[in-house]
Amino acid sequence: MKEQLWSILSAVRQNSPLVHNITNYVVMNNTANALLAAGASPVMAHAHSEVSDMVSIAGALVVNIGTLDEYWVESMKLAVKQANALQKAWVLDPVGAGATSYRNNVLEELLSYRPTVIRGNASEIMALAKFSSNTKGVDSTSLSEEALEAAQQLSETTSAVVCVSGATDYIVNKSNYNALSNGHVLMSRITGMGCTASALVGACCAVSADNAFAATTAAMALMGIAGDIAAEKAPGPGTMQVQFLDALYQLSEYDFRERLKLETNP
Ligand SMILES: Nc1ncnc2c1ncn2[C@@H]1O[C@H](COP(=O)(O)OP(=O)(O)O)[C@@H](O)[C@H]1O
Ligand SMILES: Cc1ncsc1CCOP(=O)(O)O
Ligand SMILES: [Mg+2]
């Protein structure tokens, strides 16, 4: 498994896949920089006149509803239709699921286009799976383990790989799940860390088209290990942000193997 995960991360560095992001205003810069640091090539595009063409040349699409509005939702629909037509992987980040009925309605519609991967925090995944959840906007009020059952049900009903992030990240498909316990609490003190995770999932899916489960695990392992390394050098969130990018860029196979905290189930 370690070998498979590292080979996906190496393929991102070698092939530098183009990742098309329709994402929110808050995190565009963070996510573009993280994709570049990991070896991928980001593009952010949402104009109705070009989204389909952009999907056509991209390796994968990431749809993030963080600062959605009516124009952008149409962009998202055009993009996911094209991704499906071309059988390209697309990742859904359901930012703020459960916070407003507008978000819930848009997510319901996006789910009907069958995302390859859904990555959210515990509150978001519980809201998407229609489990009772308290949401505080974009941040989670629940632990990831509390959302594991919701993630399993969501994977069952949507056929997507579902990742619920938190202190432990769970990557779930119909029959099994991986649990990753790398990462540091400082990661939750920087905006856009979840969005960055979703963008990296897109990059890994682009080079591992036939195995979204392994691709999602590889991306979340990269996030967590880079978070561990960065936190060792960071007294607070400001430095953490910069150190995190450097850790993504510098991560060696040796560190990846030594630091990975992965449990496979069953
Ligand atoms: N308490 C924590 N300990 C370790 N890693 C964490 C913790 N909280 C979040 N992370 C990591 O931060 C990243 C973003 O996750 P999360 O905070 O759940 O997403 P979001 O930003 O969408 O709410 C993930 O890689 C996750 O593993
Ligand atoms: C603060 C905020 N508001 C709308 S989108 C957004 C960023 C959320 O980023 P993340 O889910 O990665 O913490
Ligand atoms: Mg988020």
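Just so it is clear, the model here is predicted, and its values are computed rather than measured. (Residues numbered from 1 in each chain as written. Chains lettered and ligands numbered in written order. Predicted model: local features only at pLDDT ≥ 70, side-chain atom pairs only at ≥ 80, totals over all residues. Heavy atoms only, no water.)

Take the packing of helix α2 (residues 28-38) against helix α8 (residues 193-207) next. Here α2 crosses α8 at 40°, and the two axes come no closer than 9 Å. The pairing of α2 with α8 is recorded here as oblique in orientation. The interaxial crossing formed by α2 with α8 has right-handed handedness. Packed against α2, whose contacting residues are Asn30, Thr31, Ala34, Leu35 and Ala38, the element α8 presents Cys195, Thr196, Ala199, Leu200 and Ala203 at the interface. (Axes fitted to C-alpha atoms, helices over the stretch in contact; angles between N-to-C directions. Helix = DSSP H or I, 4+ residues; strand = E, 2+ residues; numbered from the N terminus. Parallel < 35°, antiparallel > 145°, perpendicular 65-115°, else oblique. Left-handed = near helix turned anticlockwise from the far one by under 90°. Contact = heavy atoms within 4.5 Å.)

On to α8. For the α-helix, the turn length of 3.6 residues means that residues three or four positions removed from each other point alike. With 15 residues, α8 should reach 21 Å at 1.5 Å per residue; the first-to-last C-alpha distance of 22 Å fits that figure. Extensive coverage of α8 is indicated by the burial of 12 of its 15 residues. Looking only at α8, the buried set comprises Met193, Cys195, Thr196, Ala197, Ser198, Ala199, Leu200, Val201, Gly202, Ala203, Cys204 and Cys205. (Expected span 1.5 Å × (residues − 1). Buried < 20%, exposed > 50% of the residue type's maximum accessible area, 1.4 Å probe, protein only.)

This part takes up the site of ligand 1. In the neighbourhood of ligand 1, 16 residues make up the surrounding shell, with Asn121, Ser165, Gly166, Asp169 and Gly194 lying closest. A distance of 2.9 Å is found between an oxygen atom of ligand 1 and a side-chain nitrogen or oxygen belonging to asparagine 121. Glycine 166 places a polar main-chain atom, nitrogen or oxygen, 3.1 Å from an oxygen atom of ligand 1. Relative to its free-state accessible area of 540 Å², ligand 1 is covered by the protein chains to the extent of 86%. Those elements that provide at least two residues to the shell around ligand 1 are β5 (117-121), α8 and α9 (212-232). (Near = heavy atom within 4 Å. Polar contact = N/O pair within 3.5 Å; in protein donor to acceptor, adjacent residues only side chain to side chain. Areas by Shrake-Rupley, 256 points an atom, 1.4 Å probe, with all protein chains shown as cover.)

Moving on, we come to the UniProt feature "binding site: substrate" (unreviewed entry) in the protein. Mapped onto the present numbering, the UniProt feature "binding site: substrate" (unreviewed entry) falls on Met44 and Gly192. With respect to the helices, strands and loops of the structure, methionine 44 is situated in strand β2 (residues 41-44). Here methionine 44 falls in the partly exposed class, since its relative accessible area comes to 26%. Relative to the helices and strands, glycine 192 resides in the loop between β10 (177-180) and α8. On the accessibility criterion, glycine 192 (10% relative accessible area) is buried. (UniProt positions renumbered as here; feature names shortened; annotations may be inferred.)

This part covers helix α10 (residues 237-250). Here α10 contains 14 residues, and its C-alpha end-to-end distance of 20 Å stays within 8% of the 20 Å for a straight helix at 1.5 Å per residue. For α10, the full list of buried residues reads Met240, Gln243, Phe244, Ala247 and Leu248. The secondary structure elements touched by the buried residues of α10 are α1 (2-15), α2, α8 and α9.

The subject of this paragraph is unusual backbone geometry. Here the residue pair asparagine 265 and proline 266 is connected by a cis peptide bond, since its omega of -5° sits within 30 degrees of zero. Summarising the element assignment, proline 266 is placed in the segment after β11 (262-265). Positive phi is not limited to glycine here, since serine 16 has a value of about 45°. Looking at the element boundaries, serine 16 is found in the loop between α1 and β1 (18-22). Unusually for a residue other than glycine, arginine 114 sits at a positive phi of about 50°. The topology assignment puts arginine 114 in the loop between α5 (101-111) and β5.

The next subject is the packing of α1 against α9. With their axes 9 Å apart at the nearest point, α1 and α9 run at an angle of 80° to one another. Judged by the inter-axis angle, α1 sits roughly perpendicular to α9. Each of Gln4, Leu5, Ile8 and Leu9 in α1 lies in contact with α9, whose residues at this interface are Ala214, Ala215, Thr217, Ala218 and Leu222. Tallied by class, residues from the contact of α1 with α9 come to seven nonpolar, two polar and no charged. (Nonpolar A, V, L, I, M, F, W, Y, C, P; charged D, E, K, R; others polar.)

Before going further, it helps to spend a moment on the state of the cysteines. Applying the stated criterion across every chain, the model contains zero disulfides. Residue cysteine 195 stays outside any disulfide, its sulfur separated by 13 Å from that of cysteine 163, the closest cysteine. (Disulfide = S-S within 2.5 Å.)

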